[in-house]
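Listed here are the chains, written in short residue letters.
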There are 2 protein chains.
Amino acid sequence: MNTQKLPGSTTLTLSMPTPKIKPPPAPPHARATIADVAREAGVSKATVSRFLNHRDTLLTPDIAARVEVAIAALAYSPSPMAQGLKRGRSRLIGLVVADVTNPFSVAVLRGAEKACQQAGYLLMLFNLGNDSRRESEAIKALTAYQVDGFILNTLGGDAGAAAEAARHGKPVVLVDRRHHDMQADFVSIDNVGAVLLGARHLVEAGYRELLFVSEPIKNVSSRMEREAAFRSFVSDAAPDIAGLHGSTFECTDDDSAGLDKALQSLRQRAEGRLSAVISSNAVVTLRVVAAMARLGWRLGADLGLVGFDETEWSPFIGPGLSSIAQPTDELGRLAAGCLIERLKGLDLPPRQILLSGRLVARGSSVPQASPVNLQT
Amino acid sequence: MNTQKLPGSTTLTLSMPTPKIKPPPAPPHARATIADVAREAGVSKATVSRFLNHRDTLLTPDIAARVEVAIAALAYSPSPMAQGLKRGRSRLIGLVVADVTNPFSVAVLRGAEKACQQAGYLLMLFNLGNDSRRESEAIKALTAYQVDGFILNTLGGDAGAAAEAARHGKPVVLVDRRHHDMQADFVSIDNVGAVLLGARHLVEAGYRELLFVSEPIKNVSSRMEREAAFRSFVSDAAPDIAGLHGSTFECTDDDSAGLDKALQSLRQRAEGRLSAVISSNAVVTLRVVAAMARLGWRLGADLGLVGFDETEWSPFIGPGLSSIAQPTDELGRLAAGCLIERLKGLDLPPRQILLSGRLVARGSSVPQASPVNLQT
DNA sequence: TTGTATGCGTTATCAT
DNA sequence: ATGATAACGCATACAA
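Residues numbered from 1 in each chain as written. Chains lettered and ligands numbered in written order. Predicted model: local features only at pLDDT ≥ 70, side-chain atom pairs only at ≥ 80, totals over all residues. Heavy atoms only, no water.

Glancing now at the overall build of chain A. Looking only at helices and strands, one finds 12 helices and 12 strands in chain A. By residue count, 51% of the 376 residues in chain A fall in the buried class. Residue pairs in contact within chain A that sit at least 24 positions apart in sequence constitute 70% of those at least 6 positions apart. Carbon and sulfur atoms form 54% of the exposed surface of chain A, whose accessible area is close to 17500 Å². (Helix = DSSP H or I, 4+ residues; strand = E, 2+ residues; numbered from the N terminus. Buried < 20%, exposed > 50% of the residue type's maximum accessible area, 1.4 Å probe, protein only. Contact = heavy atoms within 4.5 Å. Areas by Shrake-Rupley, 256 points an atom, 1.4 Å probe, with all protein chains shown as cover.)

Here the UniProt-annotated "domain: HTH lacI-type" (unreviewed entry) positions come out as residues 32-87 of chain A. Within the segment residues 32-87 of chain A, helix and strand shares are 70% and 0% respectively, and the terminal C-alpha atoms sit 20 Å apart. (UniProt positions renumbered as here; feature names shortened; annotations may be inferred.)

Surrounding DNA strand C, one finds 26 residues, the nearest of these being Thr47, Thr60 and Lys86 of chain A together with Ile34 and Gln83 of chain B. What you see for DNA strand C is that sugar and phosphate hold 62% of its atoms within 4 Å of the protein. Residue serine 44 of chain A places a main-chain N or O atom 3.1 Å away from a phosphate oxygen belonging to DNA strand C. The separation between a phosphate oxygen of DNA strand C and a polar main-chain atom of serine 79 of chain B is 2.9 Å. Of all the secondary structure elements, the ones that give two or more residues to the surface near DNA strand C are α2 (45-53) and α4 (80-87) of chain A together with α2 (45-53) and α4 (80-87) of chain B. (Near = heavy atom within 4 Å. Polar contact = N/O pair within 3.5 Å; in protein donor to acceptor, adjacent residues only side chain to side chain.)

Now for the protein's contact with DNA strand D. For DNA strand D, the set of nearby residues contains 25 residues, the closest of which are Ile34 and Gln83 of chain A together with Thr47, Thr60 and Lys86 of chain B. Considering the 4 Å shell around the protein, atoms of DNA strand D inside it are sugar or phosphate in 62% of instances. At 3.2 Å from a phosphate oxygen of DNA strand D is found a side-chain nitrogen or oxygen belonging to histidine 54 of chain A. Within the backbone of serine 44 of chain B, one N or O atom sits 3.1 Å away from a phosphate oxygen of DNA strand D. Among the secondary structure elements, those contributing two or more residues to the surface near DNA strand D are α2 and α4 of chain A together with α2 and α4 of chain B. Of the residues contributing to the surface near DNA strand D, the split by class is 11 nonpolar, nine polar and five charged. (Nonpolar A, V, L, I, M, F, W, Y, C, P; charged D, E, K, R; others polar.)

By convention, interface size is frequently given as the accessible area that disappears when the constituent parts associate. The interface is formed by 49 residues belonging to chain B together with 49 residues belonging to chain A. Between the two partners, chain B and chain A, sit zero salt bridges. The interface formed by chain B and chain A includes 13 residue pairs in polar contact (both at pLDDT 80 or more). Listed by contribution, the elements that provide at least two residues to the side of chain B that touches chain A are α4, α5 (103-118), β2 (122-127), α6 (135-144) and α11 (282-295) of chain B. (Salt bridge = Lys/Arg side-chain N within 4 Å of Asp/Glu carboxyl O.)

Let us now look at the pattern of salt bridges. With the rule as written, the count across this model stands at 44 salt bridges over all chains. A salt bridge links arginine 287 of chain B to glutamate 215 of chain B; the nearest nitrogen and oxygen atoms lie 3.6 Å apart. Of this pair, arginine 287 of chain B sits in helix α11 while glutamate 215 of chain B sits in the loop between β6 (207-214) and α9 (221-237), placing them 72 residues apart in sequence. By relative accessible area, glutamate 215 of chain B is classed as buried at 11%. A salt bridge links arginine 294 of chain B to aspartate 260 of chain B, with the shortest nitrogen-to-oxygen separation between them at 2.7 Å. Pair noted here: arginine 294 of chain B is in helix α11 and aspartate 260 of chain B is in helix α10 (residues 256-270), with a separation of 34 residues, a long-range link. Connected via shared salt-bridge partners are Asp185, Glu341, Arg342 and Arg351 of chain A.

Right, let's talk about the relation of the copies chain B and chain A for a bit. The two chain copies are related to each other by a rotation about an axis together with a translation along it. The transform that puts chain B on chain A rotates by 180 degrees and translates by 0.0 Å along the axis, for an RMSD of 0.1 Å. One copy is carried onto the other by what is essentially a two-fold rotation axis. Residue by residue, 100% of the interface of chain B is reproduced at the interface of chain A, so both copies engage with the same surface. (Least-squares fit on C-alpha atoms with pLDDT ≥ 70 in both.)

Here we come to the side chain of histidine 201 of chain B. All names here are of chain B. In this fold, histidine 201 is placed in helix α8 (residues 191-204). Judged by relative accessible area, histidine 201 falls into the buried class, the value being 15%. Dropping the residues within four chain positions of it, histidine 201 is found in contact with Leu196, Val306, Ser322, Leu359, Ala361 and Ser365.

Under the domain assignment, chain A is made up of domain 1 (34-78), domain 2 (88-189 + 330-353) and domain 3 (191-327 + 357-365). Computed over C-alpha atoms only, the centres of domain 1 of chain A and domain 3 of chain A are separated by 62 Å. (Domains from an automatic or database assignment.)

Attention now moves to the packing of aromatic side chains. Residue and element names in this part refer to chain B. On inspection of all chains with the given rule, the structure shows two aromatic pairs over all chains. One cation-aromatic arrangement involves arginine 91 over tyrosine 121; the distance from NZ or CZ to the ring centre is 4.4 Å. Here the guanidinium or amino end of arginine 226 rests over the ring plane of phenylalanine 308, the centre of that ring lying 4.0 Å away. (Phe/Tyr/Trp six-rings, centres within 6.5 Å; stacked < 30°, edge-to-face > 60°. Lys NZ or Arg CZ within 6 Å of the ring centre and 35° of its normal.)

We now examine the side chain of serine 188 of chain B. Structurally, serine 188 of chain B is set in strand β5 (residues 185-189). Apart from residues lying up to four places away in sequence, serine 188 of chain B is in contact with Asp176, Leu331, Ile353, Leu354 and Leu355 of chain B.

Another point: the confidence of the model for chain A. Caution applies to low-pLDDT regions: their predicted coordinates should not be interpreted in detail. Residue and element names in this part refer to chain A. Here chain A averages 87 in pLDDT, and 89% of its residues register 70 or above. Residue range residues 1-27 is modelled with pLDDT below 50. Its contacts to residues more than four positions away, or to other chains, number two contacts. This stretch, residues 371-376, has a pLDDT under 50; its non-local contacts, to residues over four places away or in other chains, come to 15 contacts. (pLDDT = per-residue confidence, 0-100.)

Moving on to the pairing of strand β7 (residues 245-250) of chain A. Residue and element names in this part refer to chain A. When strand β6 (residues 207-214) meets β7, the two strands line up parallel, connected through six bridges. When the bridges of β7 are listed, leucine 211 appears paired with serine 247. Taking the sense of rotation as the criterion, the β-α-β connection linking β6, helix α9 (residues 221-237) and β7 turns out right-handed. (Pairing = 2+ DSSP bridges. Right-handed = clockwise from strand over helix to strand, strands pointing away.)

Residues and elements named next belong to chain B. Judged by pairing direction, the sheet is mixed, and its six strands sit side by side in the order β7-β6-β8-β9-β10-β12 without closing on themselves. Both edges of this open sheet fall to β7 (245-250) and β12 (358-360), since each of them pairs with a single strand only. Strand-to-strand twist in this sheet, taken as the mean axis angle between neighbours without regard to direction, amounts to 20 degrees. Running over the sheet, α8 touches β6, β8 (274-279), β9 (304-308), β10 (322-325) and β12 and is turned about 165 degrees from β9. (Axes fitted to C-alpha atoms, helices over the stretch in contact; angles between N-to-C directions.)

So, on to unusual backbone geometry. You will see that lysine 218 of chain A, though not glycine, has its phi angle at about 45 degrees, which is positive. Structurally, the position occupied by lysine 218 of chain A is in the loop between β6 and α9. One non-glycine residue with positive phi stands out, namely aspartate 309 of chain B, at about 80 degrees. Looking at the secondary structure, you find aspartate 309 of chain B in the loop between β9 and β10. When its relative accessible area of 8% is taken as the criterion, aspartate 309 of chain B is described as buried.

Looking now at helix α11 (residues 282-295) of chain A. Residue and element names in this part refer to chain A. Counted at 1.5 Å a residue, the expected span for α11 with its 14 residues is 20 Å, and the 20 Å between its end C-alpha atoms agrees. Residues of α11 that are buried: Ala282, Val284, Thr285, Leu286, Arg287, Val288, Val289, Ala290, Ala291, Met292 and Ala293. The secondary structure elements touched by the buried residues of α11 are α5 (103-118), β6, α10 (256-270), β8 (274-279) and β9 (304-308). Regarding α11, its N-cap is asparagine 281, as a side-chain oxygen of that residue lies 2.9 Å from the backbone nitrogen of valine 283 further along. Within two residues after α11, glycine 296 carries a phi angle of roughly 75 degrees, on the positive side. (Expected span 1.5 Å × (residues − 1).)

Residues and elements named next belong to chain A. Helix length check: helix α12 (residues 328-343) (16 residues) gives 23 Å between terminal C-alpha atoms against 22 Å at 1.5 Å per residue, within 8%. Buried residues of α12: Thr328, Leu331, Gly332, Ala335, Ala336, Cys338, Leu339, Ile340 and Arg342, and no others. On the buried face of α12, the contacting elements are β1 (92-97), α5, β3 (149-153), β4 (172-175), β5 (185-189) and β11 (352-355). Glycine 345, located one to two residues past α12, shows a positive phi value of around 110 degrees.

Structure, rendered in structure tokens:
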């Protein structure tokens, strides 16, 4: 043990009493490893590991104490990477979002992130930028990182992608948009109820010619459900309400002219009856508002409007935007909560959690010409 | 090799011709490892690894081809976890955000996420929820995961935290808020220029009694810079402009009464001169708008307003909100870009990248009583 | 109760 | 040019 070769060390002898040949006392600012702690505490790595993971299996108080101080002294914390490699799980949760631009997504993100943090999970974010083709890419990248589970708020176009994740045994929770027959928890607003809330409100306010404006339905479940709910509301209620009529319109990002035309023909159809729009989310709402600005129409008076998603700016658009508020924070929290329960071992058939929306009535749904300055 | 013990396998012999004892051909849906590929291609793990990482060191075309098909056949992709453990880097970037609620943060996040994705990095998100005490917690959690670098948009109150990250050799880029004398790249809007843009615009429009409204300045650099810029604009310009006067106000989340009072005393001070507000970000802008709604004042006519941050809803608040647009997407992209350059080995002294803002003039900064309906 | 040894999936340092 | 092998930091089955 004495005459070992120390690479790169000449045998110059200084006035050091005991040469103390221990391996270089750890490079200045590298993270301490479990081995360092073990050495410091004079125990084996296994003991340290047990102290960390199985505090139930009794250790000698003496030893436990030594390990504890060593850990504190070295500011040791285990490497999640190594743990992940060994355990197969990572305390990471993958969050895939269709579009971070959408206020709804951000709000959900916010709730989910908070819940994850509290449970000691970190979030890996993947934004699709509304490009559904990248969905499977996202899942792949995230599974590569051994995320323990997924929160998905995607178009679900590439159903296979998410399904594969589930097949790998990773729990998945879908938010707002359900994928076709997937084994996964699902957290969403009660779309049927929410649409009813908005539609009834408009009818009660006196509007009769209704238009449901949505982003391209494609196969997005929430859009389909909302549109279907609107349609059936109209056909159910029409017999009882004189002059009630409804139609729908899909509005793309780049075709503002099309939207203008749709709104004009709406009022034309109305022939004196009051007409109104239900918009399927905040992005669409803003498009409708922009169209009305172009047309020089007044919210409420010339055209009623109730939009999905309550935002901080809803109160301040024109006479105030009436909206159908979603409990976004709660949705995010619940989604994360579901996932974490599963990760803790909960084994139940897929659940559906439907939260109800809340109507926030403002000036955009009152037909009487309203004073045009701001009001809360 | 024949009579080895297969744990849990009785020696029952079926009509299988060749027993083909190879280790269970991989549990159905586990990810393929480099060993699987090696076996499939009939080469060593080392060769596969070289094929992946050192395509420059020539491999026999024959072998390379075999490896290639094996990889494709098994849909193999390396485990970032294992790579991280071995290499010490993870292709992960930590993004710490003071407040995901702030539209500015989200916009930056969006730009950064895109750039990272393109460069093959994934984003780990940590939201502080405006709780600066959790800053070091965030850094710690993220370093634990071996993130290769940080993008920080935080209060910087806990300067030590970020500094420590830098000390660990991890590159750091600060967005919008610089920390006290930290060795890090810094990406931001040119605050002085931006404030000038807004202030000059208001003065040109005829406003004379100016109020700068900000969130609590604390030690946040961007808030300090903006406030200072406002102050020096006023003192510089006052000699040349009759009746010009300016003051500042810090507005907290919960004290709407205080804001109301501040605005009222502003108009009182004005004594007939036109008064206006510059707000330091979108959150504050909304607070000011809310206050004006409470007071029943008209934007532009009763009080001028120019706010930092252009949003999708800016055009539709009252007569349109005049704003100082920040190139948020670009800021995010640049931040990520800086970081990735560093990760590629670039070794330069810390850079400062300042982008200039753009004034978007709308109705909220024209004093003439404007038609109250929406206009773009 | 504690220590020893092995393996998780990679990469890198040796040989060959 | 390719193959065996030893880490990386940790958890665990097994031995003591």
